[in-house]
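Residue-level structural notes
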Amino acid sequence: MLRQLQQIAQWFDDRLHLTKLFASTAGHRVPKSSGSWFYVFGSGTMLCLMLQLVTGTCLAFVYVPSADEAYTTLEYLTYEQPLGWYLRALHYWGSNFMLGIMSLHMAQVFLFGAYKYPRELTWITGVLLLFVTLGLAFTGQVMRFDQDAYWGLGIGTAIMGRVPVIGADLVNLMLAGPIIAGETLSRFFTLHVFILPGTILALIGVHLRLVLTKGINEYPKPGVPVQRETYVEEYEKLVEKEGVAFVPGAISKDLYFSAFVMFAIATCAAVFGPKGPEGVPDPTYIQTAPQPDFFFLWVYSVAALLPPYTETVVLLVGPAVGVLALLALPFISNTGEKSARRRPVAVLTVLVAFLGLGLLTWAGLTSPWSPHMQAWTSDPTPAAFVKGRSPLELQGALVLQNKQCRNCHALDGVGGHRGPDLSTVATRLTRDQLVRQVIQGGGNMPAYGKNLSPAEVDALVAFMMTLHPANELPARDATLSARRSP
Amino acid sequence: MSDTTSYPTKTGSECCCKGSSRRGFFLTLGVGLNVVAGSLLAVPILGYVLSSFRRQAPGQWISLGPVGQFPSGTTRLATYRNPVHRPWDGKTADIPCWVRSIDGSKFQVFAINCAHLGCPVRWFEQSRLFLCPCHGGAYYEDGSRASGPPPRGLFEYAYKVEKGALWVKGGFIPTLARPLSDA
């Protein structure tokens, strides 16, 4: 019996050359030092991709990419299809994990100098994989065809519309028509389901082939620089002398990490569930405050924080410069030290990049620049701010509320945060300065001169003059008091 | 992965004989035929995919309904069905816009899209401002930029009053590259 099984196995091996295939791929020899915890992120990213392919295919069983019906099928998937909510959650969390682990992978190969000679192409295909993954993330956000998806496309349209000369044509190409509608969704569906996954698989093929032909980076030692003349020979010697077969010699940490990632995705999906869909994508319903998904929040922040006159240049030239810099990196720094211990600039770059993206994302989550559109009707005036005030001042408090000032200005931390909190405004501006600011605006505030009667301005400013701590005097015009004092 | 099967091949010296130039000719011809046939297929495929990479037809006049819906001194949301639409567009082809009636016969009609990044602006009657929920762009009642990141005022439709109805010229999403004045 066992003999027969062996014979069958041998028959297949003879036809398919499986042993040889294994020896030249999974069983290829790698430096023993590469079996490290730092080397698990590449396989982790690929695991996420495999999971995305499976869950995405499952979702496509039910999802209908029609502007008219996509939302209905999303609701059906989420609330009626057995386990549909879980598959949606797995796909959503899988994408978050994929981008997260991919970033770690990128930081690791950067810090370990893995992009240097002779692995330039490995890095370049990796950079391309990053962009395709970001493309999948953006188009995936559109698949969840709700209000955020609709207005997210609107933001993409507005950015495209800033391209000089061919902007209007690019908008048409992106939307497949003059407006965001049925053909737009079909277009993004094709990108998300056919074109980008096909591209990503092809690129992974090249990426992995390069890992086989050029070998995986050895764990770098400080003081051992890469030299073009000797590196390949030394690497081959290293692999020969103290190399192990990747399977089974160096794969165990990848396996632990893979299991961890799967547990994590399954848990996040079960605990937090899928995202949205949030609101029918009906453009005539304008009571909406669109926000992009987590991984694009930093772009949203950049768009809010840039000075307006730099915006077009930064939004269009910035990405191009970023792409070029990433692609040029292996040629700019082709040889030399690999170890992060001898490359302080590299360490700093990674720290600044992660801190920058992290802070911008955090800013995007709180988005202090967005007015609170309902604050004027929903946020009460704190009792302490009206207690003991004169009728005129109380009238001013009403003006502050009724004229939507609260949408941008908080009282005691409650309200919009686009403008300064007014709780202690009297300590910062004198009466005359307050009047001027209200009437003329400026510093990101509209002028209210045309929309407030003199009586309303009087009342409003009288109220604001009371906004100072009990033990702190309101601001005074220094020149006036100087003239009066003698 | 490695290919162990080997086929009998001609050695280098044999390649220089007449037979091989004949073979070379047929190889070139074969490649050439495939290039021609491939292009023949590629042209319509690319034409199909890139067909939207052209400016669409100019804007069309669209009715927003009777003028009476827009009393003097008000700014109201109006919606219209986009003139270019597909049967499967659903609600996405219903486009909103802000109609400001200055005196019942003079109007201003603004696109819903903020000039900054296209988010839907909202009208606040009390402070007579349009505010954008995304990055806080603000516009005065006449559509001019008040504050915030927008590089210009709201996009404004050309309008006319005909047969008691208010008409606007549009049909596409306005952007900085193609504002509604291009309609």
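Residues numbered from 1 in each chain as written. Chains lettered and ligands numbered in written order. Predicted model: local features only at pLDDT ≥ 70, side-chain atom pairs only at ≥ 80, totals over all residues.

**Things to note about the overall build of chain A**
Note the threshold: Only DSSP runs of H or I covering at least 4 residues are called helices, and only runs of E covering at least 2 are called strands; the numbering of each starts at the N terminus. Based on C-alpha atoms, the radius of gyration is set beside the globule rule, defined as 2.2 Å times the residue count to the power 0.38. Each residue is classed by its C-beta neighbour count within 10 Å, where at least 20 other C-beta atoms makes it buried, 12 or fewer makes it exposed, and intermediate counts make it partly exposed; the C-beta atoms are placed from backbone geometry. Think of it this way: build a C-beta for each residue from its backbone, and any pair within 7 Å is a contact.
Within chain A, the regular secondary structure consists of 20 helices and 2 strands. The C-alpha atoms of chain A give a radius of gyration of 30 Å, which is well past the 23 Å a tight globule of 486 residues would have. C-alpha extents for chain A along the principal axes are approximately 105 × 60 × 45 Å. For chain A, the residues scored as buried account for 37% of the 486 residues in total. In chain A, once contacts between residues fewer than 6 apart in sequence are set aside, the share between residues at least 24 apart is 78%.

**Notes on the overall build of chain B**
Within chain B one finds 1 helix and 10 strands. Ordering the α and β elements of chain B from the N terminus gives α-β-β-β-β-β-β-β-β-β-β. Expressed as a percentage of the 183 residues in chain B, the buried residues total 37%. Looking at chain B alone, contacts between residues at least 24 apart form 47% of all its contacts between residues at least 6 apart.

**A word on the pairing of strand β4 (residues 107-111) of chain B**
All names here are of chain B. Note the threshold: Any two strands are treated as partners once DSSP identifies two or more bridges connecting them.
The sheet contact formed by strand β3 (residues 94-101) and β4 spans 5 bridges and is antiparallel. Within the sheet, the bridge partner assigned to Ser101 lies in β4 and is Phe107. The antiparallel pairing of β3 with β4 creates a hairpin that spans 5 residues between the two strands, and Gly104 there sits at a positive phi of about 90°. Here 2 bridges tie β4 to strand β9 (residues 156-162), and the two strands are oriented antiparallel to one another. Counted as the bridge partner of Val109 is Tyr157 from β9.

**What to know about the interface of chain B and chain A**
What counts is decided by this rule: Side-chain classes follow a simple rule in which Ala, Val, Leu, Ile, Met, Phe, Trp, Tyr, Cys and Pro form the nonpolar group, Asp, Glu, Lys and Arg form the charged group, and the remainder, Gly included, forms the polar group.
Taken residue by residue, the interface counts 52 residues in chain B and 57 residues in chain A. Per-element accounting of the side of chain B that touches chain A gives the leading share, 3 residues, to β3(B). Tallied by class, the residues present in the side of chain B that touches chain A amount to 25 nonpolar, 18 polar and 9 charged.

**Some details on the domain arrangement of chain A**
Which entries qualify depends on this criterion: Source of the domain bounds: an automatic or database domain assignment.
Domain annotation for chain A reports domain 1 (28-366) and domain 2 (375-484). For domain 1 of chain A versus domain 2 of chain A, the separation of C-alpha centres amounts to 47 Å.

**Looking at the environment of Asp103(B)**
All names here are of chain B. Of note, Asp103 is situated in the loop between β3 and β4. On the neighbour-count criterion, Asp103 (8 C-beta atoms within 10 Å) is exposed. Separated by 29 residues in the primary sequence, Asp103 and Thr74 have C-alpha atoms spaced 8.9 Å apart.

**A look at the pairing of strand β10 (residues 165-170) of chain B**
One face of the sheet, then the other: side chains in a regular strand alternate in exactly this way. All names here are of chain B. Pairing of strand β1 (residues 60-66) with β10, which is carried by 5 bridges, proceeds in the antiparallel orientation. Counted as the bridge partner of Ser63 is Trp167 from β10. Adjacent in sequence and paired antiparallel, β9 and β10 are bridged by 2 residues, among which Lys163 carries a positive phi angle near 50°.

**Comments concerning the packing of helix α5 (residues 84-111) of chain A against helix α6 (residues 120-143) of chain A**
Residues and elements named next belong to chain A. Put simply, the test is: Every axis corresponds to a line fitted to the C-alpha atoms, with the helix fit spanning only the stretch in contact, and the corresponding angles, defined between N-to-C directions, vary from 0 to 180 degrees. For classification, angles of less than 35 degrees are called roughly parallel, those exceeding 145 degrees roughly antiparallel, those between 65 and 115 degrees roughly perpendicular, and all remaining angles oblique. By definition, any crossing whose near helix is turned counterclockwise from its far helix by less than a right angle is left-handed, and any crossing with a clockwise turn is right-handed.
The contact between α5 and α6 brings their axes to 11 Å, and the two run at 160°. Classed by the angle they form, the pair α5 and α6 counts as roughly antiparallel. In the packing of α5 onto α6, the handedness of the crossing is left-handed. Facing α5, whose interface residues are Ser95, Met98, Leu99, Met102, Met106 and Val109, α6 presents Trp123, Gly126, Leu130, Thr133, Ala137 and Gly140. Considering only residue class, the contact of α5 with α6 consists of 8 nonpolar, 4 polar and no charged.

**Examining the sheet that holds strand β7 (residues 138-140) of chain B**
All names here are of chain B. Read across the open sheet, the 4 strands follow the order β5-β6-β7-β8; overall the sheet is antiparallel. Because the sheet does not close on itself, it has two edges, and the strands there are β5 (122-124) and β8 (145-147). Within the sheet, the average angular offset between the axes of one strand and its neighbour, ignoring direction, is 35°.

**Some details on the packing of helix α18 (residues 431-440) of chain A against helix α19 (residues 454-465) of chain A**
Residues and elements named next belong to chain A. As a packed pair, α18 and α19 sit with axes 10 Å apart at the nearest point and diverge in direction by 130°. When the interaxial angle is binned, α18 and α19 end up oblique. As α18 packs across α19, the resulting crossing turns out to be right-handed. Judged by residue contacts, Arg431, Leu434, Val435, Val438 and Ile439 of α18 engage Val457, Leu460, Val461, Met464 and Met465 from α19. In terms of residue class, the contact of α18 with α19 is made up of 9 nonpolar, no polar and 1 charged.

**Focus on the nonpolar core**
General note: in soluble globular proteins, nonpolar side chains tend to be found buried as a group. Convention followed: In this usage, the nonpolar core is the set of buried Ala, Val, Leu, Ile, Met, Phe, Trp, Tyr and Cys residues whose C-beta atoms join them within 7 Å.
Ranked by size, the top nonpolar core spans 107 residues in total, and within it Cys48(A), Phe145(A), Ile179(A), Cys97(B), Ala111(B), Val121(B) and Leu154(B) carry the most contacts. It is α5(A) that contributes the most residues to this core, 12 residues altogether. The residues touching Val121(B), leaving out its near neighbours within four places in the chain, are Ile112(B), Cys114(B), Phe130(B), Leu131(B), Cys132(B), Tyr139(B) and Leu154(B). Counting residues in each nonpolar core, the second largest holds 20 residues, with Ala410(A), Val425(A), Tyr448(A) and Leu467(A) among its members.

**So, the sheet that holds β4(B)**
Residue and element names in this part refer to chain B. One open sheet holds the 6 strands; their spatial order is β1-β10-β9-β4-β3-β2, and the pairing between them is antiparallel. Lying at the two open borders of the sheet, with one neighbouring strand each, are β1 and β2 (75-81). When strand polarity is set aside, the average angle formed by the axes of neighbouring strands in this sheet is 35°.

**Brief notes about the environment of Leu90(A)**
Residues and elements named next belong to chain A. One can find Leu90 in helix α5. As a C-alpha pair, Leu90 and Val211 span 121 residues in sequence and 29 Å in three-dimensional space. In this view, Leu90 contacts Thr55, Ile265 and Ala269; residues no more than four positions away in its chain are not counted.

**A closer look at the confidence of the model for chain B**
So the rule is basically this: The score called pLDDT rates the predictor's confidence residue by residue, from a low of 0 to a high of 100.
Mean pLDDT over chain B works out to 88, with 88% of the residues at or above the 70 mark. Across the interface, the model reports ipTM at 0.86; the global pTM reads 0.89.

**Quick word on unusual backbone geometry**
Residues and elements named next belong to chain A. With an omega of 0°, the peptide bond running from Tyr117 to Pro118 counts as cis. Within the element layout of this structure, Pro118 appears in the loop between α5 and α6. Looking along the chain, the bond that leaves Gly276 and enters Pro277 is cis, with omega of 0°. Topologically, Pro277 is positioned in the loop between α12 (252-272) and α13 (297-305). Of note, the phi angle at Val165 is positive, near 65°, even though the residue is not glycine. Tracing the backbone shows Val165 in the loop between α7 (147-160) and α8 (167-175). Val165 gets classed as exposed once you count the C-beta atoms within 10 Å, which come to 8. A positive phi angle, close to 75°, is found at Asn444, a residue other than glycine. Along the chain, the position of Asn444 falls in the loop between α18 and α19.

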